[in-house]
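Below, each chain spelled out in residue letters.
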Amino acid sequence: MSCLFCRIIKGEIPSFKIYETSKVYAFLDINPLAEGHTLLIPKFHGAKMHEIPDDYLAEILPAARKIALALGATSDDTFQYNVLQNNGALAHQVVQHVHFHVIPKPNDAEGLGIHWPGKATDFDALKKTHEVLLKKMEGKL
Ligand code: 5GP
Ligand code: ZN
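Parameters at a glance
- Residues numbered from 1 in each chain as written.
- Chains lettered and ligands numbered in written order.
- Predicted model: local features only at pLDDT ≥ 70, side-chain atom pairs only at ≥ 80, totals over all residues.
- Heavy atoms only, no water.
- Helix = DSSP H or I, 4+ residues; strand = E, 2+ residues; numbered from the N terminus.
- Buried < 20%, exposed > 50% of the residue type's maximum accessible area, 1.4 Å probe, protein only.
- Areas by Shrake-Rupley, 256 points an atom, 1.4 Å probe, with all protein chains shown as cover.
- Lys, Arg positive; Asp, Glu negative; His and termini not counted.
- Charge placed at Lys NZ, Arg CZ, Asp CG, Glu CD.
- Near = heavy atom within 4 Å.
- Polar contact = N/O pair within 3.5 Å; in protein donor to acceptor, adjacent residues only side chain to side chain.
- Patch = residues over 30% accessible without salt bridge, like charges linked within 9 Å, V, L, I, M, F, W, Y side chains within 5 Å.
- Salt bridge = Lys/Arg side-chain N within 4 Å of Asp/Glu carboxyl O.
- Donors = N, O, S within 2.8 Å, 3.2 Å for Na, K, Ca; no water.
- Tetrahedral: all angles 85-135°; square planar, octahedral: opposite > 155°, others 65-115°.
- Expected span 1.5 Å × (residues − 1).
- Arc of directions from axis to C-beta.
- Contact = heavy atoms within 4.5 Å.

Enquirer: Help me understand the overall build of the protein chain, please; the structure alone is not making it clear to me.
Expert: Counting secondary structure elements, the protein chain contains four helices and five strands. Starting at the N terminus and ending at the C terminus, the protein chain contains elements arranged as α-β-β-β-α-α-β-β-α. Summarising its shape, the C-alpha atoms of the protein chain cover approximately 50 × 35 × 30 Å along the three principal directions. Across the 141 residues that make up the protein chain, the buried fraction comes to 30%. Approximately 9,900 Å² of the protein chain is accessible, and the part contributed by carbon and sulfur atoms is 59%. Here the protein chain contributes 15 positive and 16 negative side-chain charges, whose respective centroids are spaced 7 Å apart.

If you want it as structure tokens, here you go:
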């Protein structure tokens, strides 16, 4: 088994475990963007999100919520954070086992920095995209 995160799940490589169920495993990122930066992974090997079965994915957000609460999330803005999941090298994925980052955002300098190059609103383009995508979604569901 050569996958780094599969080896972490198996305990062959040590990690600072935060949470574990039969379907998911969470541990501290070794190069945190901020204190508490946690990685949450399915116990199913797949490089990208769409390769993971629903029953594994279904446990991801409830686990992410628990982690966020443990990190300090409340109903106000005292603790802020990002949940990030990268698919593919262009999309900044390095490790080829699906992982969700839970990243505290304590200040401008630490945590996730985001470049968000939003295009101008174009309703004709949106309408076209909507038609195409809706047809494809209907075919899949
Ligand atoms: P990606 O860029 O693929 O979304 O993120 C991969 C993450 O895995 C990075 O944040 C990196 O710091 C983390 N990482 C890489 N190798 C290890 C490791 O051996 N142990 C832990 N705990 N985290 C790792
Ligand atoms: Zn793996």
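So much for the structure itself; the text now carries on.
Enquirer: What is the right way to read the site of ligand 1 from this model?
Expert: Surrounding ligand 1, one finds 16 residues, the nearest of these being D29, H92, V94, H99 and H101. Take N86: an N or O atom from its side chain is 3.0 Å from an oxygen atom of ligand 1. Between ligand 1 and H101, the relevant distance is 2.8 Å, taken from an oxygen atom to a side-chain nitrogen or oxygen of the residue. The protein chains hide 82% of the 520 Å² of surface that ligand 1 would expose on its own. Elements supplying a minimum of two residues to the shell around ligand 1: α1 (4–10) and β2 (24–28).

Enquirer: Can you help me understand the pairing of strand β5 (residues 100–104) in this one?
Expert: Taken residue by residue, a regular strand's side chains alternate between the two faces of the sheet. Among the five residues of β5, five are classified as buried, and the element is accordingly described as predominantly covered. Taking every second residue as pointing to the same face, both faces of β5 are buried, with F100, V102 and P104 on one and H101 and I103 on the other.

Enquirer: Mind showing me how you'd approach a nonpolar patch on the surface here?
Expert: On the surface, a nonpolar cluster with roughly 300 Å² of combined accessible area is contributed by F16, I18 and L28. Mapped onto the fold, I18 is located in strand β1 (residues 17–20).

Enquirer: What am I meant to see in the coordination of the zinc ion (ligand 2) here?
Expert: Coordination of the zinc ion (ligand 2) by the protein comes from C3 (SG), C6 (SG), H45 (ND1) and H97 (ND1), over a distance range of 2.0 to 2.3 Å. Here the zinc ion (ligand 2) is ringed by four donor atoms whose angles at the metal span 106 to 118°, and the overall shape comes out tetrahedral. Look at where the donors of the zinc ion (ligand 2) fall in the sequence and you get C-x2-C-x38-H-x51-H. Remark: H97 occurs in the loop between β4 (81–84) and β5 and C6 occurs in helix α1; sequence separation between them is 91 residues. Using a relative accessible area of 0% as the deciding quantity, one classes H97 as buried.

Enquirer: Mind showing me how you'd approach helix α3 (residues 60–71) here?
Expert: Turn by turn, an α-helix covers 3.6 residues, leaving residues three or four places apart pointing in a common direction. Taking 1.5 Å per residue, 12 residues should reach 16 Å; α3 reaches 16 Å between its end C-alpha atoms and fits that length. Among the residues making up α3, those that are buried are I60, A63, A64, I67 and A68. End-on, the buried residues of α3 take up no more than an arc of 140°, which puts them together on one face. Opposite its buried face, α3 presents the exposed residues R65 and A70, each directed more than 90 degrees away. Looking at the buried side of α3, the elements it contacts are β1, β2, β3 (38–42), α2 (54–57), β4 and β5. G72, located one to two residues past α3, shows a positive phi value of around 130°.

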